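# Breakdown of the fold
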Amino acid sequence: MWAWSCDEAYARAVHSITRTDKETNASNGNSTHEILGKIVTAIASIAMTAAFAVPAMAASDSGTAADPGTTQQSGQYKIYPQPQNTEYGDGSLILRDKANTVVEPGIDSATKARLNEALKLKGIETTAASKILEGWVPPYDATVIEKLKAAGMPILGKTNLDEFAQGSSTEHSAYQTTHNPWDTERVPGGSGGGSASAVAAFEAPIALGTDTGGSIRQPGALTGTVGVKPTYGGVSRFGAIAMASSLDQIGPVSRTVLDSALLQEIIGGHDKRDSTSIPEGPRPMVAAAREGAKRDLKGMKVGLIKELGGDGFQPGVEARFNEAVDKLKEMGAEVVEVSVPHIGYSLGAYYIIMPSEVSSNLARYDGMRYGLRVMPPTGVPQTAANMMAYTREAGFGDEVKRRIILGTYALSAGYYDAWYGSAQKVRTLIIRDFHNAFEKADVLVSPTSPSTAFKFGEKMDDPLAMYMNDIATIPANLAGVPAMSIPAGLSDDGLPVGFQFIAPQQRDEVMYKPAAALEAALEDSWNGPIWNDLKTPWLDGLGK
């Protein structure tokens, strides 16, 4: 049972993390990396026993030819049909007319959008890719959905993600596996791999995702798309299913920088229903993107974050990044090296703060009010506590359970100040570091992800290796600053590489100008957009 499993996890974690370690870390401020490593190693080592077992989900038949407007039933789970002869199952509805998604003169009422499954769409089942919300239909739209509808944009459907946006590969969805269009044996990144893959595979021109630690930008890097995390509070989170409330941010996914700017201006702005919403309206991002397309960056200072590079970064990733930096120089930008001294602690701080907020936010899924309800079997007392335990046991996947345990443990008596409190102090130091860095540069740059797309299953058994995929994206979420990933070319393995821009808080337009300039310069050197190199059987003849 869930309650018993938590107790066992606590006991084993306490056994593996000695009191001496606790006292030492509390007194001298040891690296949160070390603390995180000990906690996660202890919890990850716990076998997912029968108490944590999750029944296998029915898989979709991606080759089934079916009416795009219908769903099929496979057991008790809905399966959304995919285009014939494709392998890009992303749990979303299929376009009736794919040709409509190819020509993109701009964002207007004819442009169709896809939505991350964590965004509430009135009258449409919304699960956040979790069994525990199976069958739940929101009675209202998220604010961003209201704005899309007000702009006259048709909603194509929902896209897959890691359960409750917890993952870096979209392998943790309870429903389907999303494949990377560049290599269907590899992951599309996560948690928002469905949105990125849908855009990369020309199933939609634009999409929305949520970014808590890189969940829009990292999939963008792995699929050759543009992914943007706006300033925290710049886009309303009302109607987004919460993962970690102080980190979550809704943002655009597209194939061009200009399309992301157009979409962000539509969805941005103040919302009185979101207490964290910034009072100011959207920044002039479209104008900045169009100015950047002129490829004149004279007078702009670009800061190269010296801590994000070198060891741990794939050689092909660094090569494409350095080539892109040279392009910025050619367009007149002054490139200076800047330091964000505490950025090395960001991963450890994030994986204490985020699970703590996850533990709190996901406590509401108890089987009482909505979603899945699993009653205890015959012979077990039919109590509310037992019903909650069996419901959470069956409804949550392994990664969600891992993070709930980690977060609850970090918030427990005796550890709150030493771990959660210390992680929040590190977060403050990182915010100050970014403030100081932006006194020396207008915009900061780094690789988006340390590697290109990895194969399915390659990192599933090593949580720490999976978490390292977000080492370059997490700092922006901790600091609340805007960031964007654009394609920087293909690595030596033929897979896309991402280039990340980071701008000062509430100055999102600052990153759009150099991003659009670099996009134009790179596409000129490639003789066309990066997707011209995308080889897929069902895209042939669509005139990409």
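Residues numbered from 1 in each chain as written. Predicted model: local features only at pLDDT ≥ 70, side-chain atom pairs only at ≥ 80, totals over all residues. Heavy atoms only, no water.

## Looking at the overall build of the chain
Heads up, the rule is: Labels follow the DSSP assignment, with helices taken as runs of H or I lasting at least four residues and strands as runs of E lasting at least two, numbered in each case from the N terminus. Burial classes follow relative accessibility: with a 1.4 Å probe on protein chains only, a residue under 20% of its type's maximum area counts as buried, one over 50% as exposed, and anything between as partly exposed. Areas reported as accessible are Shrake-Rupley estimates using a 1.4 Å probe. Residue values count occlusion only from the protein chains shown.
Each helix and strand in the chain was counted, giving 16 helices and 12 strands. Counting over 544 residues, the chain shows a buried share of 60%. Summed over all atoms, the accessible surface of the chain reaches about 19,900 Å², with 51% contributed by carbon and sulfur.

## As for the packing of aromatic side chains
In plain terms, the rule: We call Phe, Tyr and Trp rings a pair once their centres come within 6.5 Å, taking the six-membered ring for Trp, and we label the pair stacked below 30 degrees between planes, edge-to-face above 60, and tilted otherwise.
Applying the stated criterion across every chain yields a total of 15 aromatic pairs. Aromatic side chains Tyr351 and Tyr467 sit 4.0 Å apart centroid to centroid with 15 degrees between the ring planes, which places their arrangement in the stacked category. Of the two residues, Tyr351 is situated in helix H10 (residues 346–361) and Tyr467 in helix H14 (residues 463–467); the sequence distance between them amounts to 116 residues. Looking at Tyr351, the relative accessible area reads 1%, which means it is buried. Residue Tyr467 is classed as buried on the basis of its relative accessible area, which comes to 3%. Ring geometry for Tyr365 versus Tyr370: centroids 6.1 Å apart, planes at 70 degrees, classification edge-to-face. Tyr370 sits in the partly exposed class, given a relative accessible area of 29%.

## Structural notes on helix H12 (residues 398–410)
Put simply, the rule is: One less than the number of residues in a helix, times 1.5 Å, gives the span that helix is expected to have.
Given a rise of 1.5 Å per residue, 13 residues ought to cover 18 Å, and the 18 Å separating the end C-alpha atoms of H12 matches this to within 8%. Counted residue by residue, H12 has 11 buried out of 13 residues, so it is predominantly covered. Of the positions making up H12, those classed as buried are Glu399, Val400, Lys401, Arg402, Arg403, Ile404, Ile405, Leu406, Gly407, Tyr409 and Ala410.

## Considering the nonpolar core
This is how it is decided: Among buried residues, the Ala, Val, Leu, Ile, Met, Phe, Trp, Tyr and Cys ones that are joined through side-chain atoms within 4.5 Å form a nonpolar core. Contacts are assigned to residue pairs that have any heavy atoms within 4.5 Å of one another.
Within the largest apolar cluster, 67 residues are counted, with the highest numbers of intra-cluster contacts made by Phe164 and Leu444. Put simply, the parts of the chain that give this core at least two residues each are helix H6 (217–223), strand E9 (334–338), H10, H12, helix H13 (416–437), H14 and helix H15 (474–479). Setting aside anything within four residues of it in sequence, one finds Phe164 in contact with Ala128, Ser130, Ile132, Leu133, Ile241, Met243, Leu362, Tyr365, Phe396 and Val400. Counting residues in each nonpolar core, the second largest holds 37 residues, with Val317, Val325, Leu328 and Leu522 among its members.

## With respect to the pairing of strand E5 (residues 206–210)
Which entries qualify depends on this criterion: Only strands joined by at least two bridges in the DSSP assignment are considered to pair.
With respect to burial, E5 is a largely interior element, 5 of its 5 residues being buried. Residues of E5 alternate between two faces, with Ile206, Leu208 and Thr210 on one and Ala207 and Gly209 on the opposite face, all of them buried. Bridging between E5 and strand E7 (residues 250–254) involves 5 bridges; their strand directions are antiparallel. The residue of E7 that forms the bridge with Ile206 is Ser254.

## Comments concerning helix H7 (residues 257–267)
Among the 11 residues of H7, 8 are classified as buried, and the element is accordingly described as predominantly covered. When we look at burial in H7, the residues that qualify are Val257, Asp259, Ser260, Ala261, Leu262, Leu263, Gln264 and Ile267. In the segment just after H7, Gly269 is the residue with positive phi, at about 115 degrees.

## Observations regarding the packing of H10 against H13
Rule in force here: Angular values range over 0 to 180 degrees, each being the angle between N-to-C directions of two axes fitted as lines to C-alpha atoms, with helices fitted over their stretch in contact. For this classification, under 35 degrees means roughly parallel, over 145 means roughly antiparallel, 65 to 115 means roughly perpendicular, and everything else is oblique. Left-handed describes a crossing whose near helix is turned anticlockwise from the far helix through less than a right angle; right-handed describes the clockwise counterpart. As a working rule, the residues Ala, Val, Leu, Ile, Met, Phe, Trp, Tyr, Cys and Pro are called nonpolar, Asp, Glu, Lys and Arg charged, and the rest polar, with Gly in that last group.
Between H10 and H13, the least distance of the axes is 9 Å, while the angle of their chain directions is 125 degrees. Relative to H13, the element H10 is oriented oblique. Two packed elements cross with a definite hand, and for H10 against H13 that hand is left-handed. Packed against H10, whose contacting residues are Ser346, Ala349, Ile352, Ile353, Ser356 and Glu357, the element H13 presents Trp419, Tyr420, Ala423, Gln424, Val426, Arg427 and Ile430 at the interface. The class makeup of the residues in the contact of H10 with H13 is 8 nonpolar, 3 polar and 2 charged.

## Some thoughts on unusual backbone geometry
Residue Ser191 is reached from Gly190 by a cis peptide bond, and omega for that bond is 10 degrees. Along the polypeptide, Ser191 turns up in the loop between strand E4 (155–159) and helix H5 (193–200). Positive phi, normally seen in glycine, also occurs at Ala128, with a value near 55 degrees. By the secondary structure assignment, Ala128 is in the loop between strand E3 (113–116) and helix H4 (143–150).

## Examining the confidence of the model for the chain
Keep in mind that low pLDDT regions are not for reading the predicted coordinates in detail. Spelled out, the test is: The predictor's confidence in any single residue is recorded as pLDDT, a number from 0 to 100.
In the predicted model, the chain carries a mean pLDDT of 81, and the fraction of residues at 70 or more is 78%. Low pLDDT, under 50, characterises residues 1–33; the stretch is placed with 52 contacts to residues that sit more than four places away or in other chains.

## Quick look at the packing of H7 against helix H16 (residues 509–526)
At a closest axis distance of 9 Å, the pairing of H7 and H16 adopts a crossing angle of 150 degrees. In terms of their interaxial angle, H7 and H16 are classed as roughly antiparallel. Packed against H7, whose contacting residues are Val257, Ser260, Ala261 and Gln264, the element H16 presents Tyr512, Ala515, Ala516 and Glu519 at the interface. Classifying every residue of the contact of H7 with H16 gives 5 nonpolar, 2 polar and 1 charged.

## Observations regarding the sheet that holds E4
One open sheet accounts for 10 strands, arranged E4-E3-E5-E7-E6-E11-E12-E10-E8-E9; its pairing is mixed. Two strands bound the open sheet, and with one partner strand each, they are E4 and E9. Averaged over all pairs of adjacent strands, the angle between their axes in this sheet comes to 25 degrees, without regard to strand direction. Bridge count for strand E6 (residues 226–229) against strand E11 (residues 483–490) is 3 bridges, and the pairing is antiparallel.

## Details of the pattern of salt bridges
Applied cut-off: Any carboxyl oxygen of Asp or Glu that lies within 4 Å of a side-chain nitrogen of Lys or Arg is treated as forming a salt bridge with it.
For the coordinates displayed, the defined rule picks out 16 salt bridges. Note that Arg217 is salt-bridged to Asp211, the shortest N-O span being 3.0 Å. Here Arg217 and Asp211 have matching classes, each one buried. Among the salt bridges present, the one from Arg403 reaches Glu399, with a minimum N-O distance of 2.6 Å. Of the two residues, Arg403 and Glu399 both sit in helix H12, 4 residues apart, roughly one turn of that helix. Judged on exposure class, the residue Arg403 and its partner Glu399 are both buried. The network of salt bridges with shared partners includes Glu146, Asp271 and Arg273.

## Thoughts on the environment of Asp259
As for its placement among the helices and strands, Asp259 is situated in helix H7. The exposure class of Asp259 is buried, given its relative accessible area of 5%. Along the sequence, Asp259 and Ile206 sit 53 residues apart, while their C-alpha atoms lie 7.6 Å from each other.

## Some words on the side chain of Gln166
Its place among the elements puts Gln166 in the loop between E4 and H5. Apart from the residues within four sequence positions on either side, Gln166 is in contact with His172, Ser191, Met243, Val358, Leu362, Glu399, Val400 and Arg403.

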